[in-house]
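# Descriptive analysis of the structure
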Amino acid sequence: MLTKEQLITPENKIYGKPTLMNETPMHYCPGCSHGVVHKLVAEIIEEMGMEEDTIAICPVGCAVFAYRYVDVDWIEASHGRAPACASAVKRLWPNKLVFTYQGDGDMACIGTGETIHALNRGENIAMIFINNAIYGMTGGQMAPTTLMGMKTATCPYGRQADLHGYPLHITDLAVNLEGTCYVTRQAVNTEHP
């Protein structure tokens, strides 16, 4: 019988954990997608060969824990201020890969102003937006991005326009700003062909 080491050779290896992923066990709620996105971010940084030249900014909320899992240089910004912090970092170190990692409360609520203005200025940063449409860390309350009819702890009968207003579609806003370079919306819970 062959050992594991004999079975896994560079020629037949299909997948390996990104080297930038720390050994810290994930603590996120099941289904939130943070762990999947961390893995994808780590893989992309490695593919780009930017392991030593990446600076990431995370704010408060669930996104703050990203520094535990991906081994790059992190700055923890005040709530909503990650795009402003990333703009400063990129201007100081233009050759670095700079990105923010933000949740819906951070990017689409308290940080909407910083987000919109960083996009409109055309800052050379990437902003990764994890939108699960609720405030997961603080009990599942309605977020600005909560969809119509979606039930949360603070709208148990579902979001209603006449009572709660309409959801904020931050990517739709971003795509209409002249300084924005690229916008994509992806789901990490499905496999694309």
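I will try to describe carefully the structure that is included in this document. (Residues numbered from 1 in each chain as written. Predicted model: local features only at pLDDT ≥ 70, side-chain atom pairs only at ≥ 80, totals over all residues. Heavy atoms only, no water.)

Regions of empty space are outlined by a rolling probe, equal in size to a water molecule, passed over the atoms. Approximately 270 Å³ is the volume found for the second largest pocket. Lining the second largest pocket are 17 residues; nearest its centre among them are Gly 61, Cys 62, Asp 104, Gly 105 and Tyr 135. Those elements that provide at least two residues to the lining of the second largest pocket are helix 4 (104-110) and strand 5 (134-135). Considering each element in turn, the lining of the second largest pocket owes the most residues, three residues, to helix 4. Grouping the constituent residues of the lining of the second largest pocket by class yields seven nonpolar, eight polar and two charged. (1 Å grid on protein atoms, 1.4 Å probe; cavity = no way out; pocket = protein on both sides within 12 Å on 5 of 7 lines; lining within 4 Å. Points joined across faces, edges and corners; volume = space filled by probe spheres on them. Helix = DSSP H or I, 4+ residues; strand = E, 2+ residues; numbered from the N terminus. Nonpolar A, V, L, I, M, F, W, Y, C, P; charged D, E, K, R; others polar.)

With that settled, consider the sheet that holds strand 1 (residues 54-58). With parallel pairing, four strands are arranged side by side in an open sheet as 2-1-3-4. Every other strand in the sheet has two partners, leaving strand 2 (73-76) and strand 4 (126-130) as the edge strands with one partner each. Pairwise comparison of adjacent strand axes, ignoring direction, gives a mean angle of 25° for this sheet. Here helix 2 (residues 34-48) sits on the sheet and contacts strand 1, strand 3 (97-103) and strand 4; the angle it forms with strand 3, its principal contact strand, is near 175°. (Pairing = 2+ DSSP bridges. Axes fitted to C-alpha atoms, helices over the stretch in contact; angles between N-to-C directions. Contact = heavy atoms within 4.5 Å.)

To continue, consider helix 3 (residues 82-92). Turning to helix 3, its buried residues are Ala 82, Pro 83, Ala 86, Ser 87, Val 89 and Lys 90. Down the axis of helix 3, the buried set is contained in an arc of 170°. They therefore lie on one face. Opposite its buried face, helix 3 presents the exposed residues Arg 91 and Leu 92, each directed more than 90 degrees away. Next to the buried residues of helix 3 lie strand 1, strand 2, strand 3, helix 4, helix 5 (112-121) and strand 4. (Buried < 20%, exposed > 50% of the residue type's maximum accessible area, 1.4 Å probe, protein only. Arc of directions from axis to C-beta.)

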